[in-house]
Amino acid sequence: AQRVTQPEKLLSVFKGAPVELKCNYSYSGSPELFWYVQYSRQRLQLLLRHISRESIKGFTADLNKGETSFHLKKPFAQEEDSAMYYCALSGGNTGKLIFGQGTTLQVKP
Amino acid sequence: GAGVSQSPSNKVTEKGKDVELRCDPISGHTALYWYRQSLGQGLEFLIYFQGNSAPDKSGLPSDRFSAERTGGSVSTLTIQRTQQEDSAVYLCASSWTSGDPYEQYFGPGTRLTVT
C-alpha cells in the first residue's frame, strides 16, 4: 500500500539551529517525492521535489531508497520557516498525491 | 496570473443537507484534483480529472460524494446528506498534465462545517 509517514506532529527549534523534518514512505515502484509547505493563512504550495535536486529557501531533501526516506533539512532555521510541512508521494501515471500527516515547524526567536 | 479559485470560502450546513463546492482551475491546466484536509485524517486525495478521460474516483469516501468537471474546466464537488464527519477543508488543485511530476497549484480551500 502507498503510505507516507511523518512521525513528528510538531518540531520546535530556535532560530539558527539545524532542522530535519522526517518523512518515510511505502511504495512498491519508483515514486516521485515532494515537500509541500503551508504558511499561516496561505495556500499549500510546492517547496521542492526530489527529481529537481534543488535547494529552495535553504532546504534540501535527499531520496534514500534503501531507507525509503525523504527527510527535509535546513542547516540554519529562520523564523519565517515556521509553517506546516507535508511530505507527499506520487506514483503511477495520475499524479495524485499521497500526503503524510504533516509536521508543524515552529522556529523560536 | 489568476490562480486556482474556490467558492464558497466557508460553508456551514445542517446535517443531512446537500452541498456543492466549486473549483476554477488555472486556465489551460488539464489535470484537476480534489483533496480533503481534516484534523483527524490529514490531507486525503478524493478525485482526479484529466482531460476527457474517466475520472479517478478511488479516494471518494462514500457514494454520498460525487464530482464533475464541465467543459474540461470548472469542477463541482457535491456532498449529499452531509454528516458531521464531512466537516473539513476541501482543497482543489490543478496542473498542466498528469503522468509527470508537474507542480500542482492549490486553491485556498472551502471550509465546510456540518452542524
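Calculation rules
- Residues numbered from 1 in each chain as written.
- Chains lettered and ligands numbered in written order.
- Predicted model: local features only at pLDDT ≥ 70, side-chain atom pairs only at ≥ 80, totals over all residues.
- Heavy atoms only, no water.
- Helix = DSSP H or I, 4+ residues; strand = E, 2+ residues; numbered from the N terminus.
- Rg over C-alpha atoms; globule rule 2.2 N^0.38 Å.
- Salt bridge = Lys/Arg side-chain N within 4 Å of Asp/Glu carboxyl O.
- Buried < 20%, exposed > 50% of the residue type's maximum accessible area, 1.4 Å probe, protein only.
- Core = buried A, V, L, I, M, F, W, Y, C linked by side-chain atoms within 4.5 Å.
- Contact = heavy atoms within 4.5 Å.
- Disulfide = S-S within 2.5 Å.
- Polar contact = N/O pair within 3.5 Å; in protein donor to acceptor, adjacent residues only side chain to side chain.
- Phe/Tyr/Trp six-rings, centres within 6.5 Å; stacked < 30°, edge-to-face > 60°.
- Lys NZ or Arg CZ within 6 Å of the ring centre and 35° of its normal.

J.: Where do I start with the overall build of chain B in this structure?
T.: For chain B, the count of helices and strands is zero helices and ten strands. Going from the N terminus to the C terminus, chain B shows its helices and strands as β-β-β-β-β-β-β-β-β-β. Relative to a compact globule of 115 residues, whose C-alpha radius of gyration would be 13 Å, chain B shows 13 Å and is just as compact. Expressed as lengths along the three principal axes of its C-alpha atoms, the size of chain B is roughly 40 × 30 × 25 Å.

J.: Help me understand the pattern of salt bridges in this model?
T.: Where side chains of opposite charge bring their charged atoms close, a pairing between them can arise. Overall, the coordinates contain seven salt bridges over all chains when judged by the stated rule. Close ionic contact of Glu-20 of chain A with Lys-22 of chain A constitutes a salt bridge, the shortest N to O distance being 2.9 Å. Among the residues examined, Lys-22 of chain A registers a relative accessible area of 30% and is labelled partly exposed. Between Asp-56 of chain B and Lys-96 of chain A there is a salt bridge, with its nearest N and O atoms 3.4 Å apart. Here Lys-96 of chain A lies in the loop between β9 (83-90) and β10 (97-99) and Asp-56 of chain B lies in the loop between β5 (42-50) and β6 (65-69), a pairing that spans two chains. We note that Asp-56 of chain B, like Lys-96 of chain A, is buried. A cluster of three or more residues bridged by salt bridges with shared partners is formed by Glu-20, Lys-22 and Lys-73 of chain A.

J.: In this structure, what is going on with the nonpolar core? I would like to understand it.
T.: Counting 25 residues, the largest nonpolar core has Trp-35, Leu-72 and Tyr-85 of chain A as the members making the most contacts within it. Those elements giving two or more residues to this core turn out to be β2 (10-14), β3 (19-21), β5 (32-38), β6 (45-49), β9 and β11 (103-108) of chain A. By residue number, the principal contributor to this core is β9 of chain A, which donates four residues. Counting residues in each nonpolar core, the second largest holds 20 residues, with Leu-46, Ala-67, Leu-77 and Ile-79 of chain B among its members.

J.: Looking at this model, I keep getting lost on the side chain of Thr-103 of chain A. Mind explaining?
T.: Residues and elements named next belong to chain A. With respect to the helices, strands and loops of the structure, Thr-103 is situated in strand β11. Using a relative accessible area of 0% as the deciding quantity, one classes Thr-103 as buried. The residues contacting Thr-103, other than those within four sequence positions of it, are Gln-6, Glu-8, Lys-9, Leu-10, Leu-11, Leu-21, Ala-83, Met-84 and Tyr-85.

J.: Got a minute to help me understand the state of the cysteines in this structure?
T.: Disulfide: a covalent bond formed between the sulfur atoms of two cysteine residues. Counted according to the given criterion, the structure contains two disulfides over all chains. Here Cys-23 of chain A connects covalently by a disulfide to Cys-87 of chain A, the sulfurs 2.0 Å from one another. Because the sign of the S-S torsion sets the handedness, a value of about -65° for the bond joining Cys-23 of chain A and Cys-87 of chain A places this disulfide among the left-handed ones. Placement of Cys-23 of chain A in the loop between β3 and β4 (24-26) and of Cys-87 of chain A in strand β9 is noted, with a sequence separation of 64 residues between them. What pairs with Cys-23 of chain B in a disulfide is Cys-92 of chain B, and their sulfur atoms sit 1.9 Å apart. Looking down the S-S bond of the Cys-23 of chain B and Cys-92 of chain B bridge, the torsion is -65°, so its handedness is left-handed. Here Cys-23 of chain B, found in strand β3 (residues 19-24), pairs with Cys-92 of chain B, found in strand β8 (residues 88-95); they are 69 residues apart in sequence, far enough to count as distant. The class of Cys-23 of chain B is buried, set by a relative accessible area of 0%.

J.: Would you explain the side chain of Arg-64 of chain B in this entry?
T.: All names here are of chain B. On the secondary structure map, Arg-64 appears in the loop between β5 and β6. Residue class for Arg-64 comes out buried when judged on its relative accessible area of 12%. There is a polar contact of 2.8 Å between the side chain of Arg-64 and the side chain of Asp-86. With near-sequence residues (within four places) excluded, Arg-64 lies in contact with Thr-78, Ile-79, Gln-80, Arg-81, Thr-82, Gln-83 and Asp-86.

J.: In this structure, what is going on with the packing of aromatic side chains? I would like to understand it.
T.: Two numbers describe a pair of aromatic rings. These are the distance of the centres and the angle of the planes. Tallied over the entire structure, the rule returns eleven aromatic pairs over all chains. Taking the centre distance of 6.0 Å and the plane angle of 80° together, the rings of Tyr-86 of chain A and Phe-99 of chain A count as edge-to-face. Taken as a pair, Tyr-86 of chain A in strand β9 and Phe-99 of chain A in strand β10 lie far apart in primary sequence, 13 residues in all. Assigned by exposure class, Tyr-86 of chain A and Phe-99 of chain A land together as buried. Ring plane angle 85° and centroid distance 5.5 Å describe the contact between Phe-99 of chain A and Tyr-35 of chain B, whose orientation is recorded as edge-to-face. Of this pair, Phe-99 of chain A sits in strand β10 while Tyr-35 of chain B is found in strand β4 (residues 31-38), placing the two residues in two different chains. Accessibility expressed as a relative area gives 6% for Phe-99 of chain A, which makes it buried. The rings of Phe-34, Tyr-36, Tyr-86 and Phe-99 of chain A together with Tyr-33, Tyr-35, Phe-45, Tyr-48 and Phe-106 of chain B are connected pair by pair, giving a single aromatic cluster. The positively charged end of Lys-108 of chain A is found above the aromatic ring belonging to Phe-14 of chain A, 4.5 Å away from the centroid.

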